[in-house]
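Coordinate inspection notes
Here's the letter readout for the chains.
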Amino acid sequence: RWLPVLRRQCGMAGKRLSGTGLAAEGRVLRAVLYAFHSRLLRHRPYLALQQVEQCLKRLWKMNLVGCLETLAGLIPKKNTPQAHAECLVPSQPMLETVALKVLGGCKLILRLLDCCCKAFLLSVQHLCSEEFILLNTVASGLLSRLWFVIQYRCVLQSLISLYGILSTSLHLVSETQQMPYIKGFTFPSDISNFLGVNVSSEVKKQKARMLTTKKPTSWLKKLFPTMPEAVSEVGKKRRFATCSSAVKNHSIPCPVDIGEPVL
């Protein structure tokens, strides 16, 4: 009964880990770090971005996706209908290796979310101080997207669900044939105790901190000043007159002005 569930959970977790959004944000992050390396080597938001990139690099070097694909390939796709029929199952060493990597991946993703939150707050803080506006604007948008990609693609939640079925599978296989591979480590039955935090409450806390952060609107107003009401009214009248004439003379091509005068 648990073999199809395990194969499905492996496929789901691997698909979410290897999604295009996570890989694209990682490439953009590396490009930003490379572009600003020589100028902002000691800048605090830049150092926080480096920590985020280090977490992503360690996550890819774990090759968790490849490990999950290997485990899913070992599970037979044809289910035997007999209750007591024999079937091939993954061995205890294989299940222990994947379970250990899933535990490490969950720890790394929790650390990645925390680093994203801290780096985002630092970037917004320096934006409010009007320091390195270009870097901090790019960084704040990049970090918020990366955090929400991980959260709303349910990357961490899928790994936690996968560990639950892995723990059950490991227990059943070890009862059938004892072949312990990883010694000196006891696999936790509840992953929440291993992670040390309540994942849902921790994520909600980070989201509240990011959404309630003071927004740097002062320098935005300087760069894009609000137009006086008179100029705005002139623009509206001109657009209305142009559109009216275009409707009346629909056979005569005329350029439609969709902009407003900039002082």
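Below is a summary of the structure that appears in this document.

What counts and how
- Residues numbered from 1 in each chain as written.
- Predicted model: local features only at pLDDT ≥ 70, side-chain atom pairs only at ≥ 80, totals over all residues.
- Heavy atoms only, no water.
- Axes fitted to C-alpha atoms, helices over the stretch in contact; angles between N-to-C directions.
- Helix = DSSP H or I, 4+ residues; strand = E, 2+ residues; numbered from the N terminus.
- Parallel < 35°, antiparallel > 145°, perpendicular 65-115°, else oblique.
- Left-handed = near helix turned anticlockwise from the far one by under 90°.
- Contact = heavy atoms within 4.5 Å.
- Nonpolar A, V, L, I, M, F, W, Y, C, P; charged D, E, K, R; others polar.
- Expected span 1.5 Å × (residues − 1).
- Buried < 20%, exposed > 50% of the residue type's maximum accessible area, 1.4 Å probe, protein only.
- Arc of directions from axis to C-beta.

**Some remarks on the packing of helix α5 (residues 92-128) against helix α9 (residues 199-211)**
- Axis separation between α5 and α9 bottoms out at 10 Å; the angle between their running directions is 15°. For the element pair α5 / α9, the angle class is roughly parallel. The handedness of the crossing between α5 and α9 comes out as left-handed. Residues Leu113, Asp114, Cys117, Phe120 and Leu121 of α5 lie in contact with α9, whose contacting residues are Val203, Gln206, Arg209 and Met210.
- Looking at side-chain class alone, the contact of α5 with α9 contains six nonpolar, one polar and two charged residues.

**Thoughts on helix α1 (residues 2-17)**
- Look at α1: 22 Å from first C-alpha to last across 16 residues, which is about the 22 Å you get at 1.5 Å a residue.
- Taken residue by residue, α1 has Trp2, Leu3, Leu6, Arg7, Gln9, Cys10, Ala13, Gly14 and Leu17 as its buried positions. Buried residues of α1, viewed axially, fall in a sector of 165°; they line one side. Turned more than 90 degrees from where α1 packs its buried face, Arg8 and Lys15 sit exposed.
- In this fold, the buried residues of α1 make contact with α2 (20-35), α3 (44-61), α4 (64-74), α5 and α7 (155-176).

**Considering the side chain of Ser169**
- For Ser169, the position within the fold is in helix α7.
- In contact with Ser169, other than residues within four places in its own chain, are Trp2, Leu6 and Leu95.

**Observations regarding the environment of Ala35**
- Locating Ala35 in the fold gives a position in helix α2.
- Overall, Ala35 belongs to the partly exposed group, its relative accessible area being 39%.

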